[in-house]
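Commentary on secondary and tertiary structure
These are the residues of each chain, in order.
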Amino acid sequence: MAQVEKKAGLLRRSSSSKKPLTEKVVLMYDEIFGVEDPAKNKPRFWEELFLMKVNLEYLEGKLESLDGDEVTKIRDNINRLFQHCVQTLSEEHQIKVVNALQTLCALFRGVHQKNKSTSGFDIINVLMGFDKAEQRMKELMESLDALLCGDGSESLKSLCLKLLLCLVTVTDNISQNTLLEYIMINSIFEAVLQVLSVAPCRTQHGYDAVVLLALLVNYRKYESVNPYIAKLSIVDDENTLNGLGMVISQALSEYNRQYKDKEEENQGGFFSAFTSMVGSMFIADAEEKLSVQTNEAILLALYEAVHLNRNFIAVLVQSHPEVDIASTPTTPVPATPTTPLGTTPPSLDLMNSAELPLDPNLQTSNLLITFLKYSSIVMQDTKDEHRLNSARLCLIILTCIAEDQYANAFLHDDNMNFRVNLHRMPMRHRKKPVERNIPSRPLVCAVLDLMVEFIVSHMMKDFPMDLYMRCVHVIHKLICYQKKCRVRLHYTWQDLWSALINLLKFLLSNETTLLSKHNIFPLMLLVVNLFNMFITYGDTFLPTPSSYDALYYEIVRMHQVFDNLYCMVLRVSTNAGQWKESASKVTQALVNVRAIINHFNPKIESYAAVNHISQLSEDQARSISLNVRRNVSLNALSQDVLLKEFSTIS
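Everything numeric in this text was worked out from a predicted model, so none of it was measured. (Residues numbered from 1 in each chain as written. Predicted model: local features only at pLDDT ≥ 70, side-chain atom pairs only at ≥ 80, totals over all residues. Heavy atoms only, no water.)

This part covers the overall build of the protein. Helix and strand content of the protein: 32 helices and four strands. In the protein, which comprises 650 residues, the proportion classed as buried is 50%. For the protein, the share of sequence-separated contacts (at least 6 apart) that also reach a separation of at least 24 residues comes to 77%. With the model as given, the accessible surface of the protein reaches about 31900 Å², and the carbon-plus-sulfur share is 51%. (Helix = DSSP H or I, 4+ residues; strand = E, 2+ residues; numbered from the N terminus. Buried < 20%, exposed > 50% of the residue type's maximum accessible area, 1.4 Å probe, protein only. Contact = heavy atoms within 4.5 Å. Areas by Shrake-Rupley, 256 points an atom, 1.4 Å probe, with all protein chains shown as cover.)

Quick look at the packing of aromatic side chains now. Considering all chains together, one arrives at 15 aromatic pairs under this definition. Site record: aromatic cluster; members linked through ring pairs are Y491, W493, W497, F534 and F541. Note that K483 overlies the ring of Y537, its terminal NZ or CZ placed 4.8 Å from the centroid. One residue, R594, lies across the ring of Y566, its end atom 3.7 Å from the ring centre. (Phe/Tyr/Trp six-rings, centres within 6.5 Å; stacked < 30°, edge-to-face > 60°. Lys NZ or Arg CZ within 6 Å of the ring centre and 35° of its normal.)

In this structure, F108, L140, F312 and M524 are the most contacted members of the largest nonpolar core, which totals 207 residues. The biggest single contributor to this core is helix 26 (residues 521–541), with 14 residues. Apart from the residues lying within four places of it in its own chain, the contact partners of F108 are F82, L127, L140, L163, C166, L167, V170 and L179. (Core = buried A, V, L, I, M, F, W, Y, C linked by side-chain atoms within 4.5 Å.)

Once that is clear, we can look at the confidence of the model for the protein. In low-pLDDT segments, the atomic positions of the prediction should not be examined closely. Within the protein, residue pLDDT values average 81, and 76% of them lie at 70 or more. Contacts from residues 324–344, a stretch scored under 50 in pLDDT, to residues over four places away or in other chains number 35 contacts. Of the regions scoring below 50 in pLDDT, residues 347–360 engages in 31 contacts with residues more than four places distant in sequence or in other chains. (pLDDT = per-residue confidence, 0-100.)

This part covers empty space enclosed by the protein. Counted according to the given criterion, the structure contains five cavities of 30 Å³ or more. Taken as a whole, the largest cavity spans an internal volume of roughly 70 Å³. In terms of lining residues, the largest cavity is bounded by S376, M379, Q380, H423, M425, L450, E453, F454, S457 and H458. Tallying contributions element by element places helix 22 (residues 443–457) first for the lining of the largest cavity, with four residues. When its residues are assigned to classes, the lining of the largest cavity shows four nonpolar, five polar and one charged. (1 Å grid on protein atoms, 1.4 Å probe; cavity = no way out; pocket = protein on both sides within 12 Å on 5 of 7 lines; lining within 4 Å. Points joined across faces, edges and corners; volume = space filled by probe spheres on them. Nonpolar A, V, L, I, M, F, W, Y, C, P; charged D, E, K, R; others polar.)

To continue, consider the packing of helix 22 against helix 24 (residues 493–509). Direction vectors running N to C along helix 22 and helix 24 enclose 30 degrees, while the axes themselves pass 9 Å from each other. For the element pair helix 22 / helix 24, the angle class is roughly parallel. Along this stretch, helix 22 crosses helix 24, giving a crossing that reads as left-handed. The residues of helix 24 that touch helix 22, namely those facing L448, V452, I455 and V456, are W493, D495, L496, A499, L500 and L503. (Axes fitted to C-alpha atoms, helices over the stretch in contact; angles between N-to-C directions. Parallel < 35°, antiparallel > 145°, perpendicular 65-115°, else oblique. Left-handed = near helix turned anticlockwise from the far one by under 90°.)

With phi around 45 degrees, R220 is a residue other than glycine that occupies positive phi space. In this structure, R220 sits in the loop between helix 12 (199–217) and helix 13 (227–233). Given a relative accessible area of 24%, R220 falls into the partly exposed group. You will see that R486, though not glycine, has its phi angle at about 55 degrees, which is positive. Along the polypeptide, R486 turns up in the loop between helix 23 (465–485) and helix 24.

Here N77 lies in helix 5 (residues 68–88). N77 gets classed as buried once you look at its relative accessible area, which sits at 1%. In terms of polar contacts, N77 uses its side chain to reach the side chain of R80, at 2.5 Å. Discounting residues that sit within four places of it in the chain, N77 has contacts with E31, I32, G34, V35, E36, D37, P38 and W46. (Polar contact = N/O pair within 3.5 Å; in protein donor to acceptor, adjacent residues only side chain to side chain.)

With that settled, the discussion passes to helix 28 (residues 559–574). Compared with the 22 Å implied by 1.5 Å per residue over 16 residues, the 22 Å span of helix 28 between its first and last C-alpha is a close match. Turning to helix 28, its buried residues number three or more, namely V561, F562, L565, Y566, M568, V569, V572 and S573. (Expected span 1.5 Å × (residues − 1).)

Now for the environment of W493. Mapping W493 onto the fold places it in helix 24. Given the relative accessible area of 1%, W493 is considered buried. In this structure the C-alpha to C-alpha distance between W493 and A550, which are 57 residues apart in sequence, comes to 8.7 Å. Not counting residues up to four positions away in its chain, the partners in contact with W493 are L448, I479, Q482, F534, L542 and P543.

Attention now moves to the environment of E64. Looking at the element boundaries, E64 is found in helix 4 (residues 56–65). Sequence spacing of E64 and K114 is 50 residues, and the spatial spacing of their C-alpha atoms is 4.7 Å. Not counting residues within four places of it along the chain, the set of residues in contact with E64 comprises G110, Q113 and K114.

By the burial criterion, the buried members of helix 29 (residues 580–589) are A583, V586, T587 and A589. Buried residues in helix 29, looked at end-on, bunch into an arc of 165 degrees, giving them a common side. (Arc of directions from axis to C-beta.)

As enumerated under the stated definition, the model contains zero disulfides in all. Considering cysteine sulfurs only, C105 is the nearest to C160, which forms no disulfide, with 9.6 Å between them. The class of C160 is buried, set by a relative accessible area of 0%. (Disulfide = S-S within 2.5 Å.)

Take the side chain of H458 next. Residue placement: H458 occurs in the loop between helix 22 and helix 23. Judged by its relative accessible area of 2%, H458 is buried. A distance of 3.0 Å separates a polar atom in the side chain of H458 from a polar atom in the side chain of S457. Beyond its immediate sequence surroundings of up to four residues, H458 is in contact with M379, Q380, T382, M425, F463, P464 and Y468.

Our focus in this paragraph is the pattern of salt bridges. The tally for this structure, following the rule as stated, stands at 22 salt bridges. The residue K24 makes a salt bridge to E48 at a minimum N-O spacing of 3.7 Å. Taken together, the positions of K24 in helix 2 (residues 24–32) and E48 in helix 3 (residues 45–49) put the pair 24 residues apart, joining distant regions of the chain. Its salt-bridge partner being K62, residue D30 comes within 4.0 Å of it at the nearest N-O pair. Within this pair, whereas D30 is found in helix 2, its partner K62 is found in helix 4, the two being separated by 32 residues in sequence. Under the relative-accessibility criterion, K62 is labelled partly exposed at 26%. (Salt bridge = Lys/Arg side-chain N within 4 Å of Asp/Glu carboxyl O.)

Position of R75 relative to the elements: it lies in helix 5. With near-sequence residues (within four places) excluded, R75 lies in contact with N125 and V126.

In contact at an axis separation of 10 Å, helix 23 and helix 26 are set at 15 degrees when each is read in the N-to-C sense. One element, helix 23, and the other, helix 26, form an angle in the roughly parallel class. Considering only the axes of helix 23 and helix 26, their crossing is left-handed. Between helix 23, through M465, Y468, M469, V472, H473, I475, H476, I479, C480, Q482 and K483, and helix 26, the contact on the second element is made entirely by P522, L523, L526, V527, N529, L530, M533, F534, Y537, T540 and F541.

The following block contains the structure:
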């Protein structure tokens, strides 16, 4: 018995000391990381390697663990591996092609992670050698182009796009990625467009194709000639542009849906009852939970399409029935733990190009409406740098739209009315409205609503000056179009005027704090010039004479703000300081506003004294305005300055 136990013990010790089995592919990787050519004594080495499943983790980890001297010693073998990967892509055996694509991904990532501090030329030398680099990259791009345009499996095309995305994004700054020079020379632009123009391909790979295109367009955009910029600007194929718009629209819609779901989730149950009981104390905390990760890649693609291609404006405003994404059957998209919420591509079924069933109860929508809803969510919270940049990109896109004649014609078209439910930031001094019956109006009203909402909801000490400048510029562009084309827009202009006056009031109240960080006078000048536009040219675009009376009433009612502004800019412009010139421009721009105030105030005070009224009602003030408005003498010089100011943007 003791002998049996002794034998058993020996057996256990023997089995426990046995080394775990090593994958054959790992052993082959170790041979590649040796000094000698692994195929020297094994003629079928490379053929066998690509028949085995790739161990990405081991391959990337091994590359990252090598020091500089070791990389130099095995550089020839890495060059051989790269060469055989590229050669394998042209074979018909799909398993070998898949493994070659995955191996190339590991090579690009591993070598770049190891050589972050070194130049791009050293990385090229390590991967393929200087003398063969141009030929190798040409062969690689030709193979990827053939695979994307061919009749191969969808999974293979997906891997091709993943490899290209990997290649493009291995560096933090895309313009420092020297390998992209070869993609500029050997263009894959047509292959990417084919993915977007063919419905089945777009369904599977549209998101990756759009992101890849946006990244390639931004490579050394302002430093050298980028062929992708020129090619994107002249695309006029309807299917391609519609495909691009569809992918962007579905990605933004998915974001809007996620936000709406979170919003509804937080509005029900105990949480809602508790916040109602306590009041608005925890509004900020509640809103913080609603944040969804933004998708800058899709925003960037939308910006490039709107900015570079005038034909895309037609896609931007192309109407289609609006369907609630949540009610549409979807195919779940697996999301890895490293993929933030909101950045995953939309589900595949949503990107099909099949026509939606028409229903008279369905509202019509378009990409622009989806983008406006997206912007209204993103612009709510600009406290962290990431969301601030996202809001900035939204405003830049809106500026491009507001500058385009065709887009403006559509925005102001009275025959094209839409209901746009914009999201509004919860604030302590107002309740979040439940807008059930949103009026159907031209889309420019929704754009103006979005700008007004931004103005009133971001007056804080950490003042986003750049965003405010862009916001007021968008309003300028729209007003200039209305003045030029004599478009009489039925809009609640009082909301805009009130928002602009409150902005001036905020800037005055926080003068010391803001001037230590920003030059606030250009923003003041923009706001005052907006009022000058309404005063000088309002009769050409305000809808009714009563709108003009409302403008004068608002200026006179809030005259104290303009008086304080004049005193402030006069003080700064008469003292020696860095803001002297900027402040003097505001002083000159205030001539019209002050002429109105100086003319009306004595009339109002006289009327009140004669009739023994301590405070006039709005109707009484407006009746005085109507009687004496035509007697106001506007400064001719101010009008000349105004004409010059707006000649460049009208």
